[in-house]
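Take a look at the letters that make up each chain.
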Amino acid sequence: ITPLLNDDFKGGKFSGPQLHTLTSLADMTVGCLIKGGTVMAPTLDGFLARNPFYEAPRACLMLVGTVAAVISQESSFVAHHNNCNIVKVLSTLESPREDVLWPVRCLLKMAVTRKCLPSVLLMLNATIPNELRWRSPKTRGLAESPRPSLSLCLAIVGMILESANEATRYFLNLRDEDSCLPYWFSIDDQTRLALSILSIHGKFVLLQEPEVRSWALEKLKDEVHSSVDFNNVQYDLPSEWLKEIVTGAFCNAGCDIGLGFDSSVLRKSEAFESTRDEYNSCYRQDMLRIENLLNPQKNSGGLDYDLLIAALLILVQRDEKWRDGTSIPTQILLNAVCDKAGRKTGIDQKFIFDGATTMRLCALSENYQATAFLIGGKNGIILECADIIISNLGLSMKEAELLLFAGSVNEMKDFVTRIYRKVQIEKKQFAEFFPSESQQHLLWLLEQYSMNVRKYGEFNAAINSMRVNPVFAGRVCFRAWICLTQPSNKESSAKWLEKWLRNKLGLNNGVSSKRLACAALVRILLWADEASGLELTDGDEEPLLAVLLGLNGRFMAELAHACCGMIESIPFHLADEIMSGLGGSNLFFFESELLNA
């Protein structure tokens, strides 16, 4: 062996004949290590990563040939899985033997080190196309060949995807030599189901690619439509796959809930302990508890709301948990995700949220809670309360809307009377009235939107604004309360409600620090519905909500006194009429003087 001379090492690099010698030695070493098989695979892996002298094309050819040789000797072929649950099949698979995988691993190591990954993938695509696509090899005649091993397919694809960040795009760009179709369109749906939930370093990388995501969305939409048309007789998508899609969406966004931090989130914190008895089983409280778990990390591309909501909708229809062992109900999670969808988070979304299509899926699923939070604003409050009415009284959506806002108060009163005349009421006497779970939910909404008013501008919320007018929200909530209150409980419920309102307002002898909230309640309870175009005439027989609720007259007088002098306590479109009929602005000047006296 001729020694290497210093004259051949110039500028930190070898040149001349000695470089040729080093290249030959390096290529010989690669060949010997390949011959060593599985035992020498770790050494070969390290040599390919560190040695700069071997020729990459020659090493590539040797390794690709080795891949073809070892896979041809693999006899773990399986029958087709056309009608099986592919996700359950995945859980039963055994990992391929290292004897089969090591040449692929070393080949990819060399490809990344020498920056020739696209060329290497093309060679693999030409050498083992059936193993990459989990399909039967072509045979002559009518005999059908079995598929290659699914575990081998998943292992090879997994190694390719985890080799480099850009490998996913290179891989999906591969074309099938027979059909000339890109990779994702050259495989069947069973293979797509298996590959779409492949996790690489905790990320479901294929779901972040446009063609894979579009396919998944189409499958989810078809499933929603089929479940509506055929009443869930047969499922096309396994529930296990849907659960993986939900988990994948959270993991891709880097949300804490995707890391399993939901196990302890519903433990009652001190902040919620004080209100849990008051709002027992109000799902809004649970939504607040998990809100922070849904925050995506920066530079993650945000949550994929389209995939997430569609998958959760189907799981709710099937009454399935979104993850085994979780403490968060699927409907609660769906509500929280819908409430968050479309809001500005300061994070650039990788995919634009298709709100219209998602809204249509929620409507088809008749999931009114999800639709309410997806819409938000005024219409969201209506739907949220309508869902409560429908679930308690078994009414249609049209009837619920009539009771909550579309019909007059008289129409609502007559309708409720007919309902309780038909429905047989359980005549059980309670020592003390306590609101039901649905009524507690209404109280939460009432406190949130009507009794936490802090700014004058909140009364001027536009009709199409996402902000909720406190007067409108209060009317809808009180109407729903009336619908849920049995006639036999009217007196006891009124006393309980009055006590609750006094406590929340801090109202004592006509004085309250929450004057804006008092003004909102006066507008809600002591004025007829403003949407019907009021006239100050004695012939107006529209009953007041305070009367229908059975509230005490002294309480209402104290409530009115607490906001005396505030124009917000009077409907805006009647302010001019009142002022002109009673001396213009002197009315409010006089009321202000009363407050200061």
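Structure: above.
Here's a quick rundown of the structure. (Residues numbered from 1 in each chain as written. Predicted model: local features only at pLDDT ≥ 70, side-chain atom pairs only at ≥ 80, totals over all residues. Heavy atoms only, no water.)

1. Notes on the overall build of the protein chain
Moving on, step 1. Along its length, the protein chain carries 29 helices and 2 strands.
Moving on, step 2. Within the span of the protein chain, comprising 597 residues, buried residues form 51% of the whole.
Moving on, step 3. Within the protein chain, counting contacts between residues at least 6 apart in sequence, those at least 24 apart form 72% of the total.
Moving on, step 4. Taken as a whole, the protein chain presents about 30,100 Å² of accessible surface, with 52% of it coming from carbon and sulfur. (Helix = DSSP H or I, 4+ residues; strand = E, 2+ residues; numbered from the N terminus. Buried < 20%, exposed > 50% of the residue type's maximum accessible area, 1.4 Å probe, protein only. Contact = heavy atoms within 4.5 Å. Areas by Shrake-Rupley, 256 points an atom, 1.4 Å probe, with all protein chains shown as cover.)

2. Brief notes about helix α14 (residues 283-290)
Moving on, step 1. Of all the 8 residues making up α14, 7 are buried; the element is thus mostly covered by neighbouring parts of the structure.
Moving on, step 2. Along α14, the residues that are buried comprise Y283, R284, Q285, D286, M287, R289 and I290.

3. A short note on unusual backbone geometry
With the exception of glycine, the majority of residues adopt a negative phi angle, and the majority of peptide bonds are in the trans configuration.
Moving on, step 1. Unusually for a residue other than glycine, C180 sits at a positive phi of about 60 degrees.
Moving on, step 2. Mapped onto the elements, C180 comes out in the loop between α9 (167-172) and α10 (189-196).
Moving on, step 3. Its identity is not glycine, yet N299 carries a phi of approximately 60 degrees, on the positive side.
Moving on, step 4. With respect to the secondary-structure elements, N299 resides in the loop between α14 and α15 (305-317).

4. Points about empty space enclosed by the protein
Moving on, step 1. Scanning all chains against the criterion turns up 3 cavities of 30 Å³ or more.
Moving on, step 2. Around the largest cavity, the lining comprises 15 residues; the ones closest to its centre are Q208, N252, G302, D304 and F351.
Moving on, step 3. With 4 residues, helix α12 (residues 239-253) is the largest single contributor of residues to the lining of the largest cavity.
Moving on, step 4. Looking at the lining of the largest cavity residue by residue, the classes come out as 6 nonpolar, 7 polar and 2 charged. (1 Å grid on protein atoms, 1.4 Å probe; cavity = no way out; pocket = protein on both sides within 12 Å on 5 of 7 lines; lining within 4 Å. Points joined across faces, edges and corners; volume = space filled by probe spheres on them. Nonpolar A, V, L, I, M, F, W, Y, C, P; charged D, E, K, R; others polar.)

5. Structural notes on the state of the cysteines
Formally, a disulfide is one covalent bond, and it connects the sulfur atom of one cysteine to the sulfur atom of another.
Moving on, step 1. If you walk through the whole model with that rule in mind, you get 0 disulfides.
Moving on, step 2. Here C385 stays free of any disulfide, with the sulfur of C477 as its closest cysteine sulfur at 4.3 Å.
Moving on, step 3. Classification of C385 as buried rests on a relative accessible area of 0%.
Moving on, step 4. When its relative accessible area of 3% is taken as the criterion, C477 is described as buried. (Disulfide = S-S within 2.5 Å.)

6. What to know about the nonpolar core
Moving on, step 1. The biggest cluster of nonpolar side chains holds 111 residues, and the ones touching the most others in it are M110, W241, F250, I309 and L333.
Moving on, step 2. Excluding residues within four positions of it along the chain, I309 makes contact with L334, V337, C338, A341, F353, T358, C362 and L374.
Moving on, step 3. Core analysis: the second largest hydrophobic core is formed by 70 residues, L383, V471, L507 and L559 among them. (Core = buried A, V, L, I, M, F, W, Y, C linked by side-chain atoms within 4.5 Å.)

7. A word on the pattern of salt bridges
Moving on, step 1. One pass over the structure, following the stated rule, counts 25 salt bridges.
Moving on, step 2. Note that R169 is salt-bridged to E211, the shortest N-O span being 2.6 Å. Residue R169 is located in helix α9, and its partner E211 is located in helix α11 (residues 210-229); the two are separated by 42 residues in the primary sequence.
Moving on, step 3. By relative accessible area, E211 is classed as buried at 16%.
Moving on, step 4. Two residues, R343 and D339, come together in a salt bridge whose shortest N-O distance is 3.0 Å.
Moving on, step 5. Classification of D339 as partly exposed rests on a relative accessible area of 23%.
Moving on, step 6. Beyond isolated ion pairs, a larger network of salt bridges with shared partners links E498, R502, R554 and E558. (Salt bridge = Lys/Arg side-chain N within 4 Å of Asp/Glu carboxyl O.)

8. Brief notes about the packing of α14 against helix α22 (residues 437-449)
Moving on, step 1. With their axes 9 Å apart at the nearest point, α14 and α22 run at an angle of 60 degrees to one another. Considered as vectors, α14 and α22 are oriented oblique to each other. Facing α14, whose interface residues are Y283, R284, Q285 and L288, α22 presents H441, W444, L445 and Y449.
Moving on, step 2. Taken together, the residues of the contact of α14 with α22 sort by class into 5 nonpolar, 2 polar and 1 charged. (Axes fitted to C-alpha atoms, helices over the stretch in contact; angles between N-to-C directions. Parallel < 35°, antiparallel > 145°, perpendicular 65-115°, else oblique.)

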